[in-house]
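# Architecture at a glance
Okay, here's what each chain looks like letter by letter:
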Amino acid sequence: MKQNFYFSAGLFMLGLTVSSAAQTPVISSRAPARNALSAPATTAVSATLAQSLTASAAATLGVYSAKAGGKRKGSYSAADKTVTFNPASAFQAGETVLVTVPAALTKAAGAVYQFTTEVGGNGHAQNLVTTRSFVGPGCYSFATGDIDNDGDVDIVVVNQFSSYSNPLTLLLNGGDNKGTNTGVFSDGKAPALTFGAMSTALGDVDGDGDLDILLAVSSEVFVLRNGGDASGQAVGQFGTKLEGVTVGSTVRGLTLGDVDGDGDLDLVSADSNSSSLTVCLNGGDNTGSNTGRFVKKSTVTLPVVGNASGTPVSVVLADVDGDDDLD
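Residues numbered from 1 in each chain as written. Predicted model: local features only at pLDDT ≥ 70, side-chain atom pairs only at ≥ 80, totals over all residues. Heavy atoms only, no water.

## Focus on the environment of S218
Using the following cut-off: Going along the chain from the N terminus, every DSSP run of H or I of four or more residues is numbered as a helix, and every run of E of two or more is numbered as a strand. Should any heavy atoms of two residues lie within 4.5 Å, those residues are counted as being in contact.
Mapping S218 onto the fold places it in the loop between β15 (212-217) and β16 (220-224). In this structure, the C-alpha to C-alpha distance between S218 and T246, residues 28 residues apart in sequence, is 9.2 Å. Not counting the four nearest positions on each side in its chain, S218 is found in contact with G248, S249, T250 and V251.

Now the structure itself:
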């Protein structure tokens, strides 16, 4: 695996490629465009490939919402070389949507790209607090997303102190799962944990149409499945069953994305004390098994450059060079 490092003012950009040869584009056009910043919330998603498609192959296209519902439900169609996905409900305003086109469609390497939906507003911030929720001392990380699939955005907060009554707090928008979308939050039912966490992320890691919770605890990352399993039922309720994978030392940041182009969400962690990034594949391979069980695949040690200590505290994924994979 070839690794390219780019560094500027405390920011590393890492490009991972399987070989030094240029990749042949497998998507000739797409809508919305790659890295679009203001796609309509009601947009359909389409991609035109190099060969004719069947309806059954079209259904392997994966569209993942970062805020609303995880892997989106909807209808698929194929017209000659173009596959189209029409989501059953609108995307959230301002969210990043991940589109993964697996090898079953491309007949080559899988392709992955992202776009962002449009937002309103005038850009003027107000120093106005309308609601307060106590989440305990040592609040270290939070994530936002519709964890109960009622159409509004909720908040998940993690606390680094295990001595607090519950290091995990679920704050439901409107206080319930009725989609009231008031922007006033109250406690949801969070499973009792006996440990604190340094970071959290939300994503549909098992492809059942709801957002699961990932927790970074020391050198491990744990998955709490929404509904307790991969059935897509009992949405918004989280059991106490934890499934974990060992990564680097002192995980400070987590992100999810399809790094191998197989149609499911993989995990990348920022390991502060070991000065590394760890890549864990969903299902342990690139077959698109979408099990939600992660297997450590590779570790990238970050170099020390200038005054930078090489101790990452955050990581993001994006296709910054336009080659249909996530950097």
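## A look at the side chain of D262
Put simply, the rule reads: Under the scheme applied here, a residue whose accessible area is under 20% of the maximum for its type counts as buried, over 50% as exposed, and between as partly exposed, the area being computed with a 1.4 Å probe on protein chains only. Under the counting rule used here, the positive set is Lys and Arg, the negative set is Asp and Glu, and His together with the chain ends is not counted. Throughout this description, the term salt bridge denotes a Lys or Arg side-chain nitrogen within 4 Å of a carboxyl oxygen of Asp or Glu. N or O atoms within 3.5 Å of each other form a polar contact, as long as, within protein, one can give a hydrogen and the other can take it, and as long as residues adjacent in sequence are counted only when both atoms are side-chain atoms.
Looking at the element boundaries, D262 is found in the loop between β18 (251-257) and β19 (266-271). This buried residue, D262, is left without a salt bridge; K71 holds the nearest opposite charge, at 9.9 Å. At a separation of 3.4 Å, a polar atom in the side chain of D262 contacts the main-chain amide nitrogen of D264. Setting aside its immediate chain neighbours within four residues, D262 contacts T100, P102, D285, N286, T287 and G288.

## A look at unusual backbone geometry
Leaving glycine out, the prevailing phi sign among residues is negative, and the prevailing peptide bond configuration is trans. Of note, the amide linkage connecting A31 to P32 takes the cis form, showing an omega dihedral of -5°. Structurally, P32 is set in the loop between β3 (27-31) and β4 (45-49). Phi at S218 takes a positive value of approximately 55°, unusual for a residue other than glycine.

## Observations regarding the packing of aromatic side chains
This is how the line gets drawn: Ring pairs are drawn from Phe, Tyr and Trp, using the six-membered ring of Trp, whenever the two centres fall within 6.5 Å, and their geometry is named by plane angle: stacked under 30 degrees, edge-to-face over 60, tilted for the rest. Only lysine NZ and arginine CZ atoms are considered, and such an atom sits over a ring when it is within 6 Å of the ring centre and within 35 degrees of the ring normal.
With the rule as written, the count across this model stands at three aromatic pairs. An angle of 85° between the planes, with centres 6.1 Å apart, marks the rings of F91 and F115 as edge-to-face. Residue F91 is found in the loop between β7 (82-87) and β8 (96-101), and its partner F115 is found in strand β9 (residues 111-116); the two are separated by 24 residues along the sequence. Residue classification places F115 among the buried positions, given a relative accessible area of 1%. Directly above the aromatic system of Y113 lies the positively charged group of R30, at a separation of 4.9 Å from the ring centroid.

## A word on the layout of surface pockets
Formally: Lining residues are those with an atom within 4 Å of a point, where the points come from a 1 Å grid over the protein atoms alone and group into cavities, where a 1.4 Å probe fits but cannot get out, or pockets, open sets with protein on both sides within 12 Å along at least five of seven lines. Grid points are joined across faces, edges and corners, and a volume is the space filled by probe spheres set on the points. Here the limits of each domain have been adopted from an automatic or database domain assignment.
Estimates place the volume of the second largest pocket at around 660 Å³. Lining the second largest pocket are 32 residues, and of these A66, L202, L254, T255 and L256 sit closest to its centre. Counting only elements with at least two residues in the lining of the second largest pocket, the list comes to β5 (62-65), β8, β10 (139-145), β14 (199-203) and β18. Element by element, the count of residues in the lining of the second largest pocket is highest for β18, at six residues. When residues are assigned to domains, the lining of the second largest pocket turns out to be shared by domain 1 (27-117) and domain 2 (139-309), each giving three or more.

## Structural notes on the side chain of D150
For D150, the position within the fold is in the loop between β10 and β11 (154-159). In this structure D150 comes out as buried when scored by relative accessible area, which is 14%. At 3.4 Å, the side chain of D150 and the backbone nitrogen of D152 are in polar contact.

## Details of the sheet that holds β18
Operational definition: Two strands are said to pair when DSSP picks up at least two bridges between them. The axes are straight lines fitted to the C-alpha atoms, using for helices just the contacting stretch, and the angles between their N-to-C directions are given from 0 to 180°.
Here we have four strands laid out as an open sheet, ordered β18-β19-β20-β21, and antiparallel in their pairing. Since the sheet does not close on itself, it has two edges, and those belong to β18 and β21 (294-301), each with one partner. Recorded for the sheet is a direction-independent mean angle of 20° between the axes of neighbouring strands.

## Structural notes on the pattern of salt bridges
Within the structure shown, the criterion is met by six salt bridges. Residue R30 is joined to D324 by a salt bridge in which the shortest nitrogen-to-oxygen separation is 2.6 Å. Taken together, the residues span a long stretch of sequence, with R30 in strand β3 and D324 in the segment after β21 at a distance of 294 residues. Of the residues examined, R30 reaches a relative accessible area of 17% and is grouped as buried.

## Some thoughts on the confidence of the model for the protein
Going by this rule: What pLDDT conveys is the predictor's confidence in a given residue, as a value from 0 to 100.
Looking at the protein, pLDDT values average 82 and 82% of them are 70 or higher. Mean pLDDT per element in the protein: strand β1 (residues 2-8) is the minimum at 42, and β7 is the maximum at 95. Low pLDDT, under 50, characterises residues 1-9; the stretch is placed with 25 contacts to residues that sit more than four places away or in other chains. Here residues 17-23 is a poorly scored stretch, pLDDT under 50, and it has six contacts once near neighbours within four places are set aside; other chains count.

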